[in-house]
Amino acid sequence: MPTKSLLPLLCVGLLGAAEAAVVVKPVPYEIDGEAFEGLLIYDDAVTTPRPGLLMVPNWLGVTEDSAKKAARAAGDKYVVFMADMYGKSVRPTNADEAKAAATLVRGDRPLMRKRAQAAVEVLKAQTNQVALDASKLGAIGFCFGGTAVLELARSGADLKGFVSFHGNLDTPNPADAQNIKAPVLVLHGADDPAVPQAQVDGFIAEMKATKVDWQLVSYGGAVHSFTNPVANVPGRNEYHPVVAARAFKAMDDLFAETFAK
């Protein structure tokens, strides 16, 4: 779906046409001459500077559903910039296309890190567009995006915190966890078939080998995509509203702590 088509749909879908306060702006940028386009999302009723969050969406990339999730994460507390991890010309419309796009990036962790860091720089540059406190930035990601955010952390990115929602936890470079500069929070479905226990155990061992401030919250009864309202594959990809609310609260609690420092 072209990014431009998200704007009217979001304003109506989130808050109602008469009182829309959530702003969704396409933000074009380039990486090595290639065109990308993310979304800047914030509540325009707030005029004081707010912290910023980089959000890396799930494997479908920049979509209306991911923009709604970004708006939920933003609330009136944060400015959110949604990264484009594939390039402006790549907008998956189904699972097969998403798998192909995500596999390409997931299979090249330096590329994944580079694109995520480029999006951080775009977020930092938005101070002339919105009341953003660029000294207080964090990163969140969902599914594929959670993997990307953890790789961003392992790259040594200078942010205040990193949160993965039902993301994969494996990495080809576990020793790079020594580079992590800020707290890491992993929000995991205890019954997630996409993230086997061996992968969870590997992540725990990776973190224990460092001095990183890290947490892993394992939610009983939750599977993959538990924050995604349109996920409806029982036992595999399924929305869990109670767990989703707890997970977003855990995210807020972490950033309330780290942004206060």
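Structure report, in brief. (Residues numbered from 1 in each chain as written. Predicted model: local features only at pLDDT ≥ 70, side-chain atom pairs only at ≥ 80, totals over all residues. Heavy atoms only, no water.)

**Side note on the overall build of the protein chain**
We apply this condition: Secondary structure elements are defined from DSSP: runs of H or I of at least 4 residues count as helices, runs of E of at least 2 residues count as strands, and each element is numbered from the N terminus. The size measure is the radius of gyration over C-alpha atoms, and the globule rule it meets is 2.2 Å times the number of residues to the 0.38 power. Burial classes follow relative accessibility: with a 1.4 Å probe on protein chains only, a residue under 20% of its type's maximum area counts as buried, one over 50% as exposed, and anything between as partly exposed. Any two residues having at least one pair of non-hydrogen atoms within 4.5 Å are treated as being in contact. Charged-residue counts in this description rest on Lys and Arg as positive and Asp and Glu as negative, His and the chain ends being excluded. The atoms used to mark charge sites are NZ of Lys, CZ of Arg, CG of Asp and CD of Glu.
Within the protein chain, the secondary structure is distributed over 7 helices and 10 strands. Here the C-alpha radius of gyration of the protein chain, 17 Å, is about what a compact globule of 261 residues would show, namely 18 Å. Burial statistics for the protein chain: of 261 residues in total, 52% are counted as buried. Of the contacts made within the protein chain by residues no fewer than 6 positions apart, 66% connect residues no fewer than 24 positions apart. Mean positive and mean negative side-chain charge positions of the protein chain (26 and 29 charges, respectively) differ by 3 Å.

**What to know about the side chain of H188**
By the element assignment, H188 lies in strand 7 (residues 184–189). Accessibility expressed as a relative area gives 4% for H188, which makes it buried.

**Quick look at the pattern of salt bridges**
Rule in force here: One speaks of a salt bridge when a side-chain nitrogen belonging to Lys or Arg is within 4 Å of a carboxyl oxygen belonging to Asp or Glu.
A complete count under the given rule lists 14 salt bridges for this structure. Linking D170 and R109 is a salt bridge whose minimum nitrogen-to-oxygen distance equals 3.9 Å. Here the residue D170 occupies a position in the loop between strand 6 (162–165) and strand 7, and R109 occupies one in helix 4 (residues 109–124), the gap between them amounting to 61 residues. A residue is classified by how much of its surface remains accessible, and D170, at 35% relative accessible area, is partly exposed. Residue class for R109 comes out buried when judged on its relative accessible area of 6%. Here R113 makes a salt bridge to D176, at a shortest N to O gap of 3.0 Å. Placement of the pair is R113 in helix 4 and D176 in the loop between strand 6 and strand 7, with a sequence separation of 63 residues. Salt bridges linked by common partners bring R109, R113, E151, R154, D170, D176 and E206 together as one network.

**What about the packing of aromatic side chains?**
Going by this rule: Here a Phe, Tyr or Trp ring, Trp counted by its six-membered ring, pairs with any other such ring whose centre lies within 6.5 Å, and the pair is stacked when the planes are under 30 degrees apart, edge-to-face when over 60, and tilted otherwise.
Counted under the stated rule, the structure contains 11 aromatic pairs. Consider the rings of F203 and W214, whose centres lie 6.2 Å apart with planes at 90°: the pair is edge-to-face. Here the residue F203 occupies a position in helix 6 (residues 197–208), and W214 occupies one in strand 8 (residues 214–219), the gap between them amounting to 11 residues. A relative accessible area of 25% places W214 in the partly exposed class. Seen from their ring centres, F255 and F259 are 5.1 Å apart, and the 15° between their planes marks the pair as stacked.

**Observations regarding the side chain of T227**
Test applied: Whenever two N or O atoms come within 3.5 Å, that pair is a polar contact, provided that in protein one can donate a hydrogen and the other can accept it, and provided that, for residues adjacent in sequence, both atoms are side-chain atoms.
Within the fold, T227 resides in the loop between strand 8 and strand 9 (232–233). Engagement of the side chain of T227 in a polar contact is seen with the side chain of H166, the distance being 2.8 Å.

**Structural notes on the pairing of strand 6**
Heads up, the condition is: Here, a strand pair is defined by DSSP locating no fewer than two bridges between the strands. Throughout, right-handed denotes a crossover for which the path from the first strand over the helix to the second runs clockwise when the strands point away from the viewer.
Residues F162 and S164 of strand 6 are buried on one face, and the alternating residues V163 and F165, pointing to the opposite face, are buried as well. In the sheet, strand 5 (residues 132–142) pairs with strand 6 via 4 bridges, with the strands oriented parallel. The partner of A139 across the bridge, within strand 6, is F162. With respect to chirality, the unit in which strand 5 leads through helix 5 (residues 144–154) into the neighbouring parallel strand 6 is right-handed. Taken together, the 4 bridges between strand 6 and strand 7 define a ladder with parallel strand orientation. The residue bridging S164 from the neighbouring strand is V186, located in strand 7.

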